[in-house]
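# Understanding the architecture of this molecule
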Amino acid sequence: MKVFHTGAEWKEIRLQLLQAPKTIGLVPTMGALHQGHLDLVDQCIKNADVAVVSIFVNPTQFNNKEDFDKYPNTLDADLELLEKAGVDYVFVPSVETMYPTPTKLQFDFGDLERILEGAFRPGHFNGVGVIVSKLFHSISPDIAFFGQKDLQQVAIIRKLVNDLSFPLELRLVPTRREEDGLAMSSRNRRLNPEQRKKALILHDSLVFAKKELEKGQNWLDVQQIITRNFEELEGAELEYFELVETDKFEVFKEFDLTKKSSICVAAYIGDVRLIDNLTINS
Ligand code: PAF
């Protein structure tokens with residue numbers, strides 16, 4: 001496995017790779033890797049000839065400076081995991097490499113960036129759009145892999161790829177869960193044991209809501225029950241619990257069995273912000 005730090009280094013490597021045409025797969029990450037990331041890596045290795053992983057904690061996608069400062073950095077352990085997994089190249093750029101000058105670039109993803117994550121984390125998706133574009137330009141992957149846990153991010157990136165005609169294919173990889181259902185996240189390591197137990201409310205709420213909808217229960221009633229459950233759990237604070245169309249990410253006020261739907265949740269457990277989602281009819 002080779003670690004590189006600049007786009008220029010990659011250009012050299014790519015030139016050599018081009019001598020025998022190969023498909024290049026990219027897994028963009030912010031490090032602090034867990035099994036969920038390794039599932040993406042696994043898919044990348046299986047589906048591309050050359051597997052590249054990027055590790056970059058992107059400052060422009062954090063609307064909260066404290067969240068950025070607290071983001072775990074486990075680079076040595078990450079590199080060890082990637083080496084063991086069989087990754088070919090790891091891109092670990094510096095902030096100066098990715099942002100030689102502060103960017104003022106503004107995307108407009110329309111309603112998609114104004115609801116759910118977009119509403120609660122203003123500017124977040126602009127930062128994601130900027131860095132993912134830069135990564136796509138730097139690496140020129142043929143296939144890029146993203147996790148279903150960040151479902152709205154996937155919708156944003158799909159729009160980015162379509163609107164800017166990036167010549168690549170996007171692949172979605174299912175959310176990896178702990179045995180009790182908690183979605184794996186780099187942020188989980190900031191939960192203390194009591195918060196870790198309380199964090200289960202996210203997955204439990206999704207499973208409950210899905211069952212209720214499938215029984216024919218009204219969505220707004222289900223949403224109300226969940227909101228109350230969060231209010232009753234000390235140390236938990238619900239930001240949203242919404243039903244959306246899975247691909248376009250439009251918010252539904254009622255459940256329609258014929259439409260591809262997902263339930264999405266975001267909540268604070270203590271000072272740790274977690275998100276999760278469950279698809280109802282894929
Ligand atoms: O999902 C993430 O980890 C990040 O948002 C991404 C796609 C690596 C961009 O920084």
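An unreviewed UniProt entry lists the protein chain under the name Pantothenate synthetase, with Algoriphagus zhangzhouensis as the source organism. Turning to the protein chain, the UniProt record has this under Subcellular location (unreviewed entry): "Cytoplasm". Under Catalytic activity (unreviewed entry), UniProt gives the following word-for-word description of the protein chain: "(R)-pantoate + beta-alanine + ATP = (R)-pantothenate + AMP + diphosphate + H(+)".

### Some points on the packing of aromatic side chains
Overall, the coordinates contain 12 aromatic pairs when judged by the stated rule. Geometrically, the ring pair formed by Phe-4 and Tyr-89 is edge-to-face, given 6.4 Å between the ring centres and 75° between the ring planes. With Phe-4 in strand E1 (residues 2-4) and Tyr-89 in strand E4 (residues 89-91), this residue pair connects regions lying 85 residues apart in the sequence. The exposure class assigned to Phe-4 is buried, which follows from its relative accessible area of 0%. Here a set of aromatic residues connected by ring pairs shows up, and it is made of Phe-4, Trp-10, Tyr-89 and Phe-91.

### Focus: the site of the ligand
In the neighbourhood of the ligand, the contacting residues comprise Pro-28, Thr-29, Met-30, Asn-58, Gln-61, Ile-131, Phe-146, Asp-150 and Gln-153. At 2.6 Å from an oxygen atom of the ligand is found a side-chain nitrogen or oxygen belonging to Gln-61. In the environment of the ligand, an oxygen atom lies 2.7 Å from a nitrogen or oxygen atom belonging to the side chain of Gln-153. Contact with the protein chains covers 89% of the free accessible surface of the ligand, which is 280 Å². Per-class residue counts for the shell around the ligand are four nonpolar, four polar and one charged.

### Thoughts on the sheet that holds strand E6 (residues 169-173)
What the six strands build is an open sheet, ordered E1-E4-E3-E2-E5-E6; its pairing is parallel. The open sheet is flanked by E1 and E6, the only strands paired with a single partner. Within the sheet, the average angular offset between the axes of one strand and its neighbour, ignoring direction, is 25°. As paired elements, strand E3 (residues 50-55) and E4 share three bridges and run parallel to each other. The partner of Val-52 across the bridge, within E4, is Tyr-89.

### Thoughts on helix H4 (residues 75-85)
Those residues of H4 not exposed but buried are Asp-78, Leu-79 and Leu-82. Considered in projection along H4, the buried side chains sweep an arc of 95° and stay on one side of the axis. Opposite the buried face of H4, at more than 90 degrees from it, the exposed residues are Asp-76, Glu-80 and Lys-84. Structurally, H4 contributes buried residues whose contacts are with E1, helix H2 (35-47), E3 and E4. In the stretch just after H4, Gly-86 is the one whose phi turns positive, near 100°.

### What about the packing of helix H7 (residues 124-139) against helix H8 (residues 151-163)?
The geometry of H7 relative to H8 is characterised by a closest axis approach of 10 Å and an angle of 55° between their N-to-C directions. It follows that H7 is oblique to H8 by the angle criterion. H8 is crossed by H7, and the crossing has right-handed handedness. Contacts between H7 and H8 involve Phe-125, Val-128, Gly-129, Val-132, Ser-133 and Phe-136 on the former and, on the latter, Gln-152, Gln-153, Ile-156, Ile-157, Leu-160 and Val-161. Residues of the contact of H7 with H8, tallied by class, amount to eight nonpolar, four polar and no charged.

The rules we used
- Residues numbered from 1 in each chain as written.
- Predicted model: local features only at pLDDT ≥ 70, side-chain atom pairs only at ≥ 80, totals over all residues.
- Heavy atoms only, no water.
- UniProt positions renumbered as here; feature names shortened; annotations may be inferred.
- Phe/Tyr/Trp six-rings, centres within 6.5 Å; stacked < 30°, edge-to-face > 60°.
- Helix = DSSP H or I, 4+ residues; strand = E, 2+ residues; numbered from the N terminus.
- Buried < 20%, exposed > 50% of the residue type's maximum accessible area, 1.4 Å probe, protein only.
- Near = heavy atom within 4 Å.
- Polar contact = N/O pair within 3.5 Å; in protein donor to acceptor, adjacent residues only side chain to side chain.
- Areas by Shrake-Rupley, 256 points an atom, 1.4 Å probe, with all protein chains shown as cover.
- Nonpolar A, V, L, I, M, F, W, Y, C, P; charged D, E, K, R; others polar.
- Pairing = 2+ DSSP bridges.
- Axes fitted to C-alpha atoms, helices over the stretch in contact; angles between N-to-C directions.
- Arc of directions from axis to C-beta.
- Contact = heavy atoms within 4.5 Å.
- Parallel < 35°, antiparallel > 145°, perpendicular 65-115°, else oblique.
- Left-handed = near helix turned anticlockwise from the far one by under 90°.

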